[in-house]
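Residue-level structure breakdown
So the chains spell out like this:
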Amino acid sequence: MNNEVLIVDYEVGNHQSVANALARLGYRFKISHEAAAIAGADVYILPGVGSFPEAMKNLDRLNLVGILKEQVVTGKKPVLGICLGMQIMADSSEENGHHEGLGWVRGTVEKLRADNAFRVPHVGWNDLRIMKKDPLFTRSGDSSNFYFNHSYYFIPAGEGRGPDEPLVTARCRLCEDVVAAFQQDNIFGVQFHPEKSQSCGLKLFRSFFNHCGIKSSHA
Amino acid sequence: MLKKRIIACLTVKNGLVVQSIGFKQYLPVGRVAIAVEFLSQWAIDEIVLLDIDASREGRRPDFDMIKNASRRNSVPLTVGGGIRTIDDIMRLIHSGADKVSLNTVFFDNPDFIKEASRVFGVQCIVVSGDAGKNKKGRYEIYSRSGLNPAGLDPAAWARKAEELGAGEIFINSIERDGSKAGFDIPLIREVSKTVSIPVIACGGAGHPKHFYEALTAGGVSAVCAGNYFHFTEHSPITTKAYLVRHGLKDIRLDSYANYKEAAFTEAGRIAKMGEDYLADLMFEFLPEEVI
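Cut-offs used in this document
- Residues numbered from 1 in each chain as written.
- Chains lettered and ligands numbered in written order.
- Predicted model: local features only at pLDDT ≥ 70, side-chain atom pairs only at ≥ 80, totals over all residues.
- Heavy atoms only, no water.
- Helix = DSSP H or I, 4+ residues; strand = E, 2+ residues; numbered from the N terminus.
- Rg over C-alpha atoms; globule rule 2.2 N^0.38 Å.
- Buried < 20%, exposed > 50% of the residue type's maximum accessible area, 1.4 Å probe, protein only.
- Contact = heavy atoms within 4.5 Å.
- Pairing = 2+ DSSP bridges.
- Axes fitted to C-alpha atoms, helices over the stretch in contact; angles between N-to-C directions.
- Left-handed = near helix turned anticlockwise from the far one by under 90°.
- Buried area = accessible area lost by both parts, 1.4 Å probe.
- Salt bridge = Lys/Arg side-chain N within 4 Å of Asp/Glu carboxyl O.
- Nonpolar A, V, L, I, M, F, W, Y, C, P; charged D, E, K, R; others polar.
- Arc of directions from axis to C-beta.

Before going further, it helps to spend a moment on the overall build of chain B. Per the secondary structure count, chain B includes eleven helices and twelve strands. A globule of 291 residues ought to have a C-alpha radius of gyration of about 19 Å, and chain B, at 19 Å, matches this closely. Along the longest, intermediate and shortest principal axes, the C-alpha atoms of chain B span 60 × 40 × 40 Å. For chain B, the proportion of its 291 residues judged to be buried stands at 55%. The contacts of chain B with a sequence gap of at least 6 include a subset with a gap of at least 24, amounting to 62%.

Written out as structure tokens, the structure reads:
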């Protein structure tokens, strides 16, 4: 193991914010879309600030779809998708028309509906109902706040592998149908932004990398 | 529960954070990176950084300044000033911004807002506007940092911004800017009623009760202040503690220092603690949080 985290640069990610968080926690990381860098990394982060079709277009143009699939789906290397980075792991999205996703996790991405009590985009700090603490939320308290900023959300097609291994590991408290986090073996996704969620977010990164066996220079 | 956001606005002029009064007077505060780091540590919910020279001087955003400022920041950062192209937004996000605030370009090239939200998603695009009263005494939106009346009332402006693809509306009051007289409640309520996207109110904070009024009577999703947060230790946390004490439940107050037990003076500041409490403080051990 090279003990290296790769922040996948597909041009629509806020990778600098993710990089700042990882640097504070003392992890070795690269920001890249080069095939060699991707093959040499142990863990991937798919950041995301952008629209779904734009993200998929960039992944295609940079020839990343096949390489990532090889590492993540075949090679079983851990990956954490953040916000849009989580959504593109689904089968498809209805953002600005119908678009195919990476298809790693069964489900679709649809638009949130606004009502009198709930404005869209869903912007701000929200607390979670955590269904499965291990591994992402092992350090999170019951009143942990995370920062959300999205107008589309992931709808899983299946329930996962039963009560012990549910696909959805946390939901958002206000709007119960919003999936806040999921896990399918080595594939993790969070709808909120841990890199922007102060110590609650740093704790989540710490739990994730400990689970992956990545060492920090601070430890 | 989705929390109401308490946001700090850093007005940047000549590369320094300044206090702004009535869009006319500017008093220096200090370095951008330091202000961002402290606000982030003091549990602010979000930071908006506005470079007020950029559009006036016709130059692009200062990407190095943003990169430097974002290093010690762990809350969402919205950046505004001088943004004209998709590449500007891309570089800002790659420098550590999470959202962008668009103001001048709304008047010069409204289609740009459409294009920006198509590429980056609506959640990334904040459209900001400065409202003032015109000669007839009616609210009007002003462009060019409050200089030119744009011929749009705030509701019409906000509706158009939402149609173009804004994800949030940032409404500032020129008259209340730096006045400490409180937010312009009729103005922000009107804008908030008009659109179905979140609205951020700015301009006039001088007392924590002003935040309370804006969040209740004003009906906004977030309240933003600039000058109010400067020169006072833990100002965002004490403001939140005041709001929680006065009955607001949807406030994020989970920092180590939370002032939940504190009393407040009439000026809205933390009252002096009793002598026994202060004496005990000398022996209190404050552990640094290990993550």
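The helix and strand inventory of chain A stands at six helices and 13 strands. Over its C-alpha trace chain A gives a radius of gyration of 16 Å, about what one expects of a compact globule, namely 17 Å for 219 residues. Principal-axis analysis of the C-alpha atoms gives chain A an extent of 50 × 40 × 35 Å. Expressed as a percentage of the 219 residues in chain A, the buried residues total 61%. A fraction of 72% describes how many contacts in chain A between residues 6 or more apart in sequence connect residues 24 or more apart.

All names here are of chain A. Taken together, nine strands build an open sheet; the order of strands is β2-β1-β3-β4-β13-β12-β11-β8-β9 and the sheet is mixed. Of all strands in the sheet, those with a lone pairing partner are β2 (29-32) and β9 (145-150), marking the two edges. Averaged over neighbouring strand pairs, the angle between their axes works out to 25° when direction is ignored. Sheet topology places strand β11 (residues 168-172) next to strand β12 (residues 179-184); three bridges connect them, and they run antiparallel. For A170, the partnering residue across the bridge sits in β12 and is A181.

Residue and element names in this part refer to chain A. Overall, mixed pairing links the four strands, which are arranged β6-β5-β7-β10 in an open sheet. Each of the sheet's edge strands pairs with one partner strand only, and the pair in question is β6 (99-100) and β10 (152-156). Taken together, the five bridges between strand β7 (residues 107-111) and β10 define a ladder with antiparallel strand orientation. Following the sheet pairing, K111 is matched in β10 by Y152.

In this section: the packing of helix α7 (residues 154-164) of chain B against helix α8 (residues 185-194) of chain B. Residue and element names in this part refer to chain B. One can describe the packing of α7 onto α8 by two numbers: an axis separation of 9 Å at closest approach and a directional angle of 35°. Seen along the crossing, α7 lies across α8 with a hand that is right-handed. Residues P154, A155, A158, R159 and E162 of α7 touch α8, and the partners they reach there are L187, E190, V191 and T194.

This brings us to the interface of chain B and chain A. Reports often express the size of an interface as the amount of accessible area lost when the parts come together. The interface is formed by 47 residues belonging to chain B together with 42 residues belonging to chain A. Of the roughly 3,600 Å² buried between chain B and chain A, counting both surfaces, carbon and sulfur atoms make up 49%. Taken together, the links from chain B to chain A amount to four salt bridges. Those elements that provide at least two residues to the side of chain B that touches chain A are α3 (63-70), α4 (86-94) and α6 (111-120) of chain B. Considered class by class, the residues forming the side of chain B that touches chain A number 19 nonpolar, 14 polar and 14 charged.

Moving on, we come to helix α4 (residues 64-74) of chain A. All names here are of chain A. Taken as a whole, α4 has its buried residues at L64, L68, Q71 and V72. The buried residues of α4 occupy an angular sector of 85° when projected down its axis, which confines them to one face. More than 90 degrees from the buried face of α4, the exposed residues found are E70 and T74. Tucked into the core, α4 has its buried residues touching β1 (5-8), α2 (35-40), β3 (43-46), α3 (52-61), β4 (79-82) and β13 (187-190).

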